[in-house]
Amino acid sequence: MAKTPTRTARPTGGETHQTVDAGDATAILTTNHGVPVSDNQNSLKSGARGPTLLEDFVLREKIFHFDHERIPERIVHARGSGAHGVFEATADISDLSKAAVFIKGEKTEVFVRFSTVAGGAGSVDTPRDVRGFAVKLYTREGNWDLVGNNIPVFFIQDAMKFPDLVHAVKMEADRGYPQAGSAHDTFWDWASLMPETTHMLMWAMSDRTLPRSLRTMEGFGVHTFKLVNAAGKASFVKFHWKPRLGLQSTIWDEALKLQAADNDYHRRDLFEAIDTGAFPQWDLGIQVFDQAFADAQLYDVLDATKLIPEEDVPVRLIGTLTLNRNVDNFFAETEQVAFLPSNVPPGIDFSNDPLLQGRLFSYLDTQNSRLGTTNFHQIPVNAPRCPFGNFQRDGKMQTMVPKGRANYEPNSLAAHGEEGGPRESPAQGFVTANAATGPDESGDKLRVRAATFADHYSQARLFYRSQTEAEQAHIASSFVFELSKVGLLDQVPGRMVANLRNVDEDLAKRVADGLGIALPKKAPAAKEPVDMEPSDALSIHKNMKDTLEGRSVGILIADGSDAVALKKLVADITKAKGKAVIVAPKVGGAKLSDGSQQKADGQLAGSPSQVFDAIAVLLSEDGTKALLREGAAVEFVMNAFGHLKAIGASEAAKPLLDKAGVVLDDGVTGLDGAFVKAASQRFYDREPSLRTLA
Ligand code: HDD
C-alpha cells in the first residue's frame, strides 16, 4: 500500500491547479473548466441580430462568476489594508515563553491588516476612528494571531456588550448614516449610559484616532495574555507594537480635508512605502508581570478598559516586525484573511479577561459567514506555513485530498500497513497553563461583573492629565464637535458631561462651555476615582520623532522657479529620507529659470497641501504673481499653515504667503537647512492663534 505523509501539507496553487501564467503572452484564455475560449467579446447568438442562446456556456459561466464576486464585508473593521512581512525575535525570553516564535534570531512570516472600525469596506481612510492592528504570525508551531488595535484599552469590559457597541456606533438603523463615524445620536446615547466606556472615549477623542500614517501608530494586544515557559510557569503579559518612525497624527481639520483629497490616504501611503523599499517597522514590546503585581493594583488586569502604565511595568523590546511585501491580490489576501484571537501556539495563552473570552468564539464563527466555509483555513493567506493535519474532513470548498481510510481516531490502521494519520503530542502540543493565577477563578455560576472592574474614571483621568496642553485642547474640542452632532436626544450631551466631571472638572467645563450648556451635576461614580501618576507614554506629542523619514514635502513650483534651488531642495529632502513631491499648476510641469522643463508629480488643484507633511513654495516673482490669482495656490499655503506644518518659501513667494495669512514663526523658514529641520516637526504652538479650541 502506498505511503502518504502522516501530516497533510497545505496545497499550493501548483499542486492542485495549473493556472495559466498571466505573464505568458502566448497563454490561451480558457473557461474555469479549462476549455479554450475563441471569442471573449461576443455572446453566442442566433443570427447576427438574433437572441442570445442559453447554450452559451462561456457567457453563462462568466456572468455567473461575476454575479458572485463579493462576499459579506466584516461586520466591523470592514475597511482595511494588508501587507506581508517578517517578524524577527531579538531577545531571549525562554525563561518566560517556550514559543518558537520568540527564539532569539527566529524569523517568522507575517501578514498584517490595518483597518478602521465603523465604516464599510468602501469608506474613507481618515475618519475619527480606532484603527485595527491585526497581525498573523505563521510560526512553525501554528499561527499566532495578535488581533489588536492602535489603542491599548477598549470600550467595554464584557463581550456581552459588543453587539450593542457596534450597533450604536455604525450607521443608524433606519437612515443608514452616518458612515464611518461616531458623531451621531445612537453612539453617544449608548456611550453616555455606559460609564465603562469613558477611558476609551478619552483615547477616541484624542488625535490617536487621526493617525498620520499606519506607519506612525502604535499597536496593542489590549488584553492581558499569558506567556508560558517550558516548565509550565505562566506570567501575565501585555503586547505592544512600537513604530520605528515614532508617533504622528493629523489634526481634525486636516483629517476632514484629507477625506476630500484622498479617500485612500493610508492605503496608498502603506502601499507606496513598501513599493519603494521604505519598509515600515515596529518593535514588539512586552510588559510582563505576576499575580502579586496584579493583586497590588487598584484596577483589575483582566479588565480591558484598563492599561498598565509603562512607568509601572516598563516595555521590554523582544522583536521586530518589518512589512516588506505588498499583496498581489487585494481580495485573495487582504479581504480573505481571517484573524482569530484563538490562534495561539504553545507558549502563549489566554487570561480570563471576559472580553477576550468572548472574542475566542466570535472570530471563528464570523469567518463562516464571511468566507462561507469551515475550510477557510485552507485559503493560502490563512493556511499555516507549518505542516498541519487532523481527522476533520469534507465540508464546503474542501481543497485538500486526504488519502486513505484514516478519518477517525483512535485507529489501528498502521498495524495493518495502512496510514493511521497524525497523533496527539502531550509533549509538544498546546497545553492550557493551569497554574493558579488569581482568586475567584472558579466557583458558582454567576452572571456578574467583578467588583474590581468598578473604577471607570481613574485611568480616563490618568490619560487626560498625561497629555500636553495642545493635546488636551484637541480632546476637549473633539468632545464638543461629536456631542454637537447629537441632535434629537437633548439629554445626551449633558449626561456625557456629567460623566466627564468624574474625569477632570476642567475638561467637563470646557466641553460644557463649548457646547453652550450649563455644567450638569456630576454623575455618581460606581467607585470614586483616584489620581494616578501621569504617564508620558500616553501622549503622542511626547513620543514623536523629529525626522523627515516617512514624511513627504510638497514643493510648489511654477514657470520661472529657480532650477538650482529646486535641485538642491530635492536633494536635501531625499538625503534626510523624506519624499519630495513636485506640484505645479500643470501636471506637464513648469519651465524653470534655466529654461528646462520640470515635470510635476501632481497638479496643484489635485494635490492640496493636506496630503503633505510640510510644503516648500519655490516661486519666482512672475510665478508668484500668477499664483496669487489661483485659489488652489492660496489654499495650499493657507491650509499648510492652518495644519501647523512647516512652510519653506523663496523670497519672491512672500506675497502668496501674505495672502494666505501666514504669520512668521519657527515653522516658517527660507529654503535652506532650517526648512528640512522644520519639516520634520509640527508647530502646535501656532494653533491657538488660528482657531478657537475648547
Ligand atoms: Fe474585534 C474584527 C480588534 C473586540 C468581534 N476586531 C476585528 C479586527 C480587529 C479587531 C483588528 C479586524 C481583523 C481583520 O483585519 O480581519 N476587536 C478588536 C480588539 C478588541 C475587539 C482589539 C478588544 C480588545 N471583537 C471584539 C469583541 C468581539 C469582536 C469583544 C465580539 C465578541 N471583531 C469581531 C468580529 C470581527 C472583528 C465580528 C469582524 C471580522 C472578523 O472578526 O474577522 O468577529
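In the block above lies the structure referred to throughout.
Residues numbered from 1 in each chain as written. Predicted model: local features only at pLDDT ≥ 70, side-chain atom pairs only at ≥ 80, totals over all residues. Heavy atoms only, no water.

1. Section: the layout of surface pockets
Right, so step 1: Taken as a whole, the second largest pocket spans an internal volume of roughly 1,700 Å³.
Right, so step 2: G142, P384, F388, G389 and N390 are, among the 45 residues lining the second largest pocket, the residues nearest its centre.
Right, so step 3: Breaking the lining of the second largest pocket down by element, the ones donating at least two residues are strand 4 (142-149) and helix 10 (354-371).
Right, so step 4: Ranked by the residues each element gives to the lining of the second largest pocket, the list is headed by helix 10, at three residues.
Right, so step 5: Split by residue class, the lining of the second largest pocket holds 17 nonpolar, 18 polar and ten charged. (1 Å grid on protein atoms, 1.4 Å probe; cavity = no way out; pocket = protein on both sides within 12 Å on 5 of 7 lines; lining within 4 Å. Points joined across faces, edges and corners; volume = space filled by probe spheres on them. Helix = DSSP H or I, 4+ residues; strand = E, 2+ residues; numbered from the N terminus. Nonpolar A, V, L, I, M, F, W, Y, C, P; charged D, E, K, R; others polar.)

2. Some thoughts on the pattern of salt bridges
Right, so step 1: Counted under the stated rule, the structure contains 36 salt bridges.
Right, so step 2: Between D613 and R212 there is a salt bridge, with its nearest N and O atoms 2.5 Å apart. A residue pair is termed long-range when its members are at least 10 positions apart, and D613 in the loop between strand 15 (602-603) and strand 16 (614-617) and R212 in the loop between helix 5 (198-204) and strand 5 (219-220) qualify at 401 residues. (Salt bridge = Lys/Arg side-chain N within 4 Å of Asp/Glu carboxyl O.)

3. What to know about the environment of Q259
Right, so step 1: Along the chain, Q259 falls in helix 6 (residues 252-261).
Right, so step 2: Of the residues examined, Q259 reaches a relative accessible area of 25% and is grouped as partly exposed.
Right, so step 3: Once the C-alpha coordinates of Q259 and D283 are considered, the two residues, 24 residues apart in sequence, prove to be 30 Å apart.
Right, so step 4: Apart from residues no more than four positions distant in its own chain, Q259 is found in contact with V124, T126 and P127.
Right, so step 5: Only 3.2 Å separates the side chain of Q259 from the backbone oxygen of T126, close enough to count as a polar contact. (Buried < 20%, exposed > 50% of the residue type's maximum accessible area, 1.4 Å probe, protein only. Contact = heavy atoms within 4.5 Å. Polar contact = N/O pair within 3.5 Å; in protein donor to acceptor, adjacent residues only side chain to side chain.)

4. Topic: unusual backbone geometry
Right, so step 1: In this model, Y177 is joined to P178 through a cis peptide bond whose omega is 0°.
Right, so step 2: Positionally, P178 belongs in the loop between helix 3 (162-169) and helix 4 (185-192).
Right, so step 3: Omega for the peptide link from E409 to P410 comes to 5°, which places this bond in the cis form.
Right, so step 4: Its location among the elements puts P410 in the loop between helix 10 and helix 11 (458-465).

5. Structural notes on the coordination of the iron atom of the ligand
Right, so step 1: Coordination of the iron atom of the ligand by the protein comes from a single atom, Y363 (OH), at 1.8 Å.
Right, so step 2: Its place among the elements puts Y363 in helix 10. (Donors = N, O, S within 2.8 Å, 3.2 Å for Na, K, Ca; no water.)

6. A closer look at the sheet that holds strand 16
Right, so step 1: Judged by pairing direction, the sheet is parallel, and its six strands sit side by side in the order 15-12-11-16-17-18 without closing on themselves. Of all the strands in the sheet, the pair left with one neighbour each is strand 15 and strand 18 (668-669).
Right, so step 2: For strand 12 (residues 579-584) and strand 15, the ladder comprises two bridges, and the chain directions are parallel. Bridged to V583 within strand 15 is G602. (Pairing = 2+ DSSP bridges.)

7. Thoughts on the side chain of S213
Right, so step 1: Inspection of the secondary structure assignment puts S213 in the loop between helix 5 and strand 5.
Right, so step 2: Relative accessible area serves as the criterion here: at 2%, S213 is assigned to the buried category.
Right, so step 3: Looking at S213, its side chain comes within polar contact range of the main-chain nitrogen of R215, at 2.8 Å.
Right, so step 4: Every residue in contact with S213, bar those within four places of it in the chain, is listed here: Q248, H266 and D269.

8. Section: the site of the ligand
Right, so step 1: Taken together, 22 residues lie around the ligand, and R74, R113, R359, Y363 and Q367 are the ones closest in.
Right, so step 2: A distance of 3.4 Å separates a nitrogen atom of the ligand from a polar side-chain atom of H77.
Right, so step 3: One of the side-chain nitrogen or oxygen atoms of Q367 is found 2.9 Å away from an oxygen atom of the ligand.
Right, so step 4: Among the secondary structure elements, those contributing two or more residues to the shell around the ligand are strand 3 (131-139), strand 4 and helix 10.
Right, so step 5: The dominant element in the shell around the ligand, judged by the number of residues it contributes, is helix 10, at six residues.
Right, so step 6: Class assignment for the residues of the shell around the ligand results in eleven nonpolar, eight polar and three charged. (Near = heavy atom within 4 Å.)

9. Some remarks on the pairing of strand 2 (residues 107-116)
Right, so step 1: Taking burial as the measure, the ten residues of strand 2 include eight buried ones, the bulk of the element.
Right, so step 2: Alignment of strand 1 (residues 80-89) against strand 2, held across nine bridges, turns out to be antiparallel. Bridge assignment links G85 to a residue of strand 2, and that residue is V110.
Right, so step 3: In this sheet, strand 3 lies alongside strand 2 in antiparallel orientation, the contact comprising eight bridges. By the bridge assignment for strand 3, S115 is matched with G132.

10. Concerning empty space enclosed by the protein
Right, so step 1: Taken as a whole and assessed by the stated rule, the structure comprises six cavities of 30 Å³ or more.
Right, so step 2: Of the pockets and cavities examined, the largest cavity occupies roughly 140 Å³.
Right, so step 3: Lining the largest cavity are 17 residues, and of these P152, F220, H240, Q287 and L307 lie nearest its centre.
Right, so step 4: Top contributing element to the lining of the largest cavity by residue count: strand 7 (residues 234-243), with three residues.
Right, so step 5: Looking at the lining of the largest cavity residue by residue, the class counts come to ten nonpolar, two polar and five charged.

11. As for helix 11
Right, so step 1: Counting buried positions along helix 11 gives seven out of eight residues, so the element sits mostly inside the fold.
Right, so step 2: Elements that come into contact with the buried residues of helix 11 comprise helix 5, helix 12 (469-484) and helix 14 (505-515).

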